[in-house]
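The lines below spell out each chain.
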Amino acid sequence: MQYSYYPGCSLEATGVEYNLSTRAVAGALGLELVELPGWTCCGSSSAHAVNKDLALGLAAHNIALAQEQGRDLVVPCSACYTRLCKADHEMRHDPAEKARAERLAGFSYTGKIQIYSFLEIVKDRVGCDEVARAVRKPLTGLKVACYYGCLLVRPPEVRPFDRAEDPTSLDELAAALGAEPVPWCYKTTCCGAGLSLTRPEVVEQLVARLLAAAREAGADALVTACPLCQNNLEMRRPAQEGIPVFYFTELMGLAFGLEEAPGWLKKHLVDPFPLLQRFSLAG
Amino acid sequence: MATATLHLPAGEITVDAAFREEVARLSGQPLELCFQCQKCASGCYPTQEGDYTPNEIMRLIQYGARDAVLRSRTIWLCTSCETCGLRCPNGIRIAEVMDTLKQMAAARGIAPVGETGPLFHNLFLCEIRAVGRVHETMLMLKYKLKTGNLFADMKLGWQLFRRGKLPLVPRLKKDPAVRRIFERAGGQG
Ligand code: SF4
Ligand code: SF4
C-alpha cells in the first residue's frame with residue numbers, strides 16, 4: 001500500500017529517530033511511504049495562536065499538495081496531525097471554511113484524500129495480529145505506560161480513531177509486541193510541550209507529575225507517538241529521574257529485530273540501553 | 001456600546017458588552033451557555049500558574065472585561081490540549097476561545113510583563129515565512145538571543161546537538177506558495 005508521507009519540521013531535527021524508525025517499520029510491514037514533495041510547515045502550535053487565516057492556510061496548502069499526489073496522507077507527528085486534520089475537518093463540513101481555505105491556499109478542495117496518523121495505519125490498516133506475526137524478539141516483561149498526549153485523539157469529532165478520554169490503541173499495540181501495558185490515569189494529560197521554551201518552570205511540574213505517575217503504575221518506560229512529547233518528557237524531567245521514553249515505532253523496530261534500532265535509541269537524552277539490557281533486548 | 005464599571009475583589013474593571021459579542025463571533029462558541037461548573041478548570045494543569053482559571057476567563061468574558069482578559073497570563077499558558085472542551089457539559093470549546101483571545105491580544109500587541117509567548121510565536125512564523133519550514137535550531141537560537149537568556153538550556157542544547165538532533169545547515173529555499181499564504185492572511189512574520 002502506498003501513502004504520501006508528511007514528516008513535519010520536528011522529524012528533521014529533535015524527532016529524527018521517530019522519522020527513521022517510522023520509515024523502517026513501515027518498510028518491514030510492506031507499507032510504502034512516499035515523502036510529500038514540497039511539504040511545508042503545518043503552522044503547528046503558533047499559527048493558530050496568532051492568526052486564524054494562517055493556521056487554516058498553511059495546513060490547507062499541504063492538503064492541496066497531497067491532493068495533487070492522489071494518495072492518502074500519513075502523518076507521524078501528533079501536532080502536525082491534529083492541525084492538518086482540523087483544517088480538513090473544517091473544509092469537509094463547513095462550506096464557508098472551505099471557501100476561506102481555498103482562497104488562502106489557492107486551490108480547489110476535493111475531499112478525496114484522507115489523513116491518518118501512523119499509529120492509526122498500524123493499528124487499523126495493518127492490524128495488531130499482523131504486527132504480532134512480524135515480532136522476532138518479543139518485549140516480554142517490559143512494563144510500559146502508554147502516553148498518548150493531548151493532541152493525538154482530540155477533538156473527538158475531528159478524528160475519532162480512538163477514545164478521547166481513555167484511548168487504547170497504543171496499549172493494544174504494545175501488547176502485540178509482547179510488552180505489558182500498565183493501567184494509569186495520565187494517558188492524555190498534557191505535558192506542556194508547547195510551553196517548553198517560554199515557561200520551562202511550569203513544564204517541569206507537568207512532566208514531573210506524569211513521570212511520577214508512570215513510576216507509581218509500575219512502568220519501566222513510557223511509550224509515545226509524538227516528537228514534542230518525547231523530547232519534552234526527556235528534556236524537562238527532574239534531575240534524578242531516568243525513565244526512558246520510547247516512540248512506539250522504536251519498540252516495533254526492536255521487537256521486529258531490525259538492526260537499525262540501536263542507532264535510533266542512541267539519540268535519546270535518557271540512555272535506554274541499561275533497561276533494554278535487563279530484558280536482553282539491547283543487541 | 002455601553003460601558004460600565006464593575007467592582008470585583010480583584011479591583012475595578014471596565015466592562016464592555018461589545019467584547020463578549022466579539023469573542024463569541026470570532027471563536028464561534030456559545031459563551032452564554034457557561035454556567036460555571038468549573039469542570040474545565042479541574043482538568044487544566046497547564047494554566048494552574050495563571051492569574052485566572054478557565055471558568056473565570058469565561059465569566060470575565062461574559063462580563064465584558066476586555067482588558068482583564070486580554071492582559072491575563074492564563075491565555076498564554078493554555079496549550080490547546082482540548083481537555084476542557086472535551087468535558088464541558090455545554091459543548092464549549094474553550095481552546096477555541098483561548099486561541100481567539102491570544103489572536104486579539106497579539107493583534108493589539110498586548111501582553112503581560114515578561115510574557116514571551118507572543119515573541120516565540122512571532123519567531124516561529126518568521127521561520128515559516130522565510131523558508132516554508134521551521135528550522136528548530138535557528139528558532140531556539142533566535143528565541144534565546146531575543147530574550148537575552150542565552151545560557152539557560154545551554155547544556156540541553158549541547159546534548160541535543162551531539163546526538164545529531166539540532167542540525168546546523170538550514171534549508172535556505174524560499175517557498176513562494178507560503179509567501180502568498182502569508183500575504184493573503186495579512187500575517188505576521
Ligand atoms: S466546563 Fe464549560 S460550562 Fe463548566 S465552567 Fe467550564 S466553560 Fe463553563
Ligand atoms: S485547552 Fe487550555 S484551558 Fe483547556 S484544559 Fe488545555 S490548557 Fe487548559
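Residues numbered from 1 in each chain as written. Chains lettered and ligands numbered in written order. Predicted model: local features only at pLDDT ≥ 70, side-chain atom pairs only at ≥ 80, totals over all residues. Heavy atoms only, no water.

Visitor: Explain the overall build of chain A to me, and be specific about the residues and the numbers.
Guide: Of the regular secondary structure elements, chain A holds 13 helices and 8 strands. Expected size for 283 residues packed as a compact globule is a radius of gyration near 19 Å; at 18 Å, chain A falls within 12% of this value. In terms of overall dimensions, chain A has C-alpha extents of about 55 × 45 × 30 Å along its principal axes. With 283 residues in all, chain A has 67% of them scored as buried. Pairs at least 24 apart in sequence give 74% of the contacts found in chain A among residues at least 6 apart. (Helix = DSSP H or I, 4+ residues; strand = E, 2+ residues; numbered from the N terminus. Rg over C-alpha atoms; globule rule 2.2 N^0.38 Å. Buried < 20%, exposed > 50% of the residue type's maximum accessible area, 1.4 Å probe, protein only. Contact = heavy atoms within 4.5 Å.)

Visitor: Quick one: what's the story with the interface of chain B and chain A, residue by residue and with numbers?
Guide: Contacts between the two partners involve 54 residues from chain B and, on the opposite side, 59 residues from chain A. Across the chain B/chain A interface, buried area totals approximately 5,100 Å², and carbon plus sulfur atoms make up 59% of it. The interface formed by chain B and chain A contains 6 salt bridges. Of the charged contacts in the structure, one is a salt bridge between E17(A) and K165(B), with a shortest N-O distance of 2.8 Å. The interface formed by chain B and chain A includes 23 residue pairs in polar contact (both at pLDDT 80 or more). Elements that contribute at least two residues to the side of chain B that touches chain A include exactly α5 (74-77), α6 (83-87), α7 (94-108), α8 (117-131), α9 (136-147), α10 (154-162) and α11 (176-185) of chain B. Across the side of chain B that touches chain A, the residue classes break down as 24 nonpolar, 14 polar and 16 charged. (Buried area = accessible area lost by both parts, 1.4 Å probe. Salt bridge = Lys/Arg side-chain N within 4 Å of Asp/Glu carboxyl O. Polar contact = N/O pair within 3.5 Å; in protein donor to acceptor, adjacent residues only side chain to side chain. Nonpolar A, V, L, I, M, F, W, Y, C, P; charged D, E, K, R; others polar.)

Visitor: Tell me what's going on with the state of the cysteines, and back it up with residues and numbers.
Guide: Residue and element names in this part refer to chain A. Taken as a whole and judged by the stated rule, the model has 0 disulfides over all chains. Between C190, a free cysteine, and C150, which holds the nearest cysteine sulfur, the sulfur-to-sulfur gap is 3.9 Å. For C190, a relative accessible area of 5% corresponds to the buried category. (Disulfide = S-S within 2.5 Å.)

Visitor: Quick one: what's the story with the sheet that holds strand β3 (residues 73-75) of chain A, residue by residue and with numbers?
Guide: All names here are of chain A. A sheet is described by the order of its strands in space; here 4 strands give the open sequence β2-β1-β3-β4, paired in parallel fashion. Taken across any chain shown, the strands that pair with only one partner, and hence form the sheet edges, are β2 (32-35) and β4 (115-117). Each strand of the sheet is rotated relative to its neighbour by a mean of 40°, with strand direction disregarded. (Pairing = 2+ DSSP bridges. Axes fitted to C-alpha atoms, helices over the stretch in contact; angles between N-to-C directions.)

Visitor: Before we move on, can you summarise the domain arrangement of chain B with the specific residues and values?
Guide: Along its sequence, chain B is organised into domain 1 (3-108) and domain 2 (117-184). Between domain 1 of chain B and domain 2 of chain B, the C-alpha centre-to-centre distance is 30 Å. (Domains from an automatic or database assignment.)

Visitor: For the site of ligand 2, give the residues involved together with the corresponding values.
Guide: All names here are of chain B. Around ligand 2 sit C44, P46, P54, C78, T79, S80, C81, E82, T83, C84, A95 and M98, and that is every residue in its neighbourhood. Of all elements in the fold, only α6 and α7 reach the threshold of two or more residues within the shell around ligand 2. The residue inventory of the shell around ligand 2, partitioned by class, reads 8 nonpolar, 3 polar and 1 charged. (Near = heavy atom within 4 Å.)

Visitor: Can you tell me about the packing of helix α3 (residues 52-69) of chain A against helix α4 (residues 78-93) of chain A, naming the residues and giving the values?
Guide: How two helices pack is summed up by the angle between their axes together with the distance between the axes. Residue and element names in this part refer to chain A. In the contact formed by α3 and α4, the axes pass within 9 Å of each other and the chain directions differ by 90°. Classified by the angle their axes make, α3 and α4 are roughly perpendicular. Along the contact surface, α3 presents L56, A59, A60, N62 and I63, while α4 presents R83, L84, A87, D88, E90 and M91. Of the residues in the contact of α3 with α4, the class split is 7 nonpolar, 1 polar and 3 charged. (Parallel < 35°, antiparallel > 145°, perpendicular 65-115°, else oblique.)

Visitor: Give me the lowdown on α11(B), citing residues and values where you can.
Guide: When we look at burial in α11(B), the residues that qualify are A177(B), V178(B), I181(B), F182(B) and A185(B). Seen end-on, α11(B) carries its buried residues on one side only, within an arc spanning 145°. Seen from the open side of α11(B), the exposed residues pointing more than 90 degrees away from its buried face are P176(B) and E183(B). If you follow the buried residues of α11(B), they end up packed against α3 and α5 (95-105) of chain A together with α8 of chain B. (Arc of directions from axis to C-beta.)

Visitor: Residues and numbers for the site of ligand 1, please.
Guide: Residue and element names in this part refer to chain B. Near ligand 1 you find 13 residues, and of these C34, C37, Q38, C40 and C88 are the closest. Contributions of two or more residues to the shell around ligand 1 are made by α2 (39-42) and α3 (54-63). Among the residues forming the shell around ligand 1, the class breakdown is 8 nonpolar, 4 polar and 1 charged.

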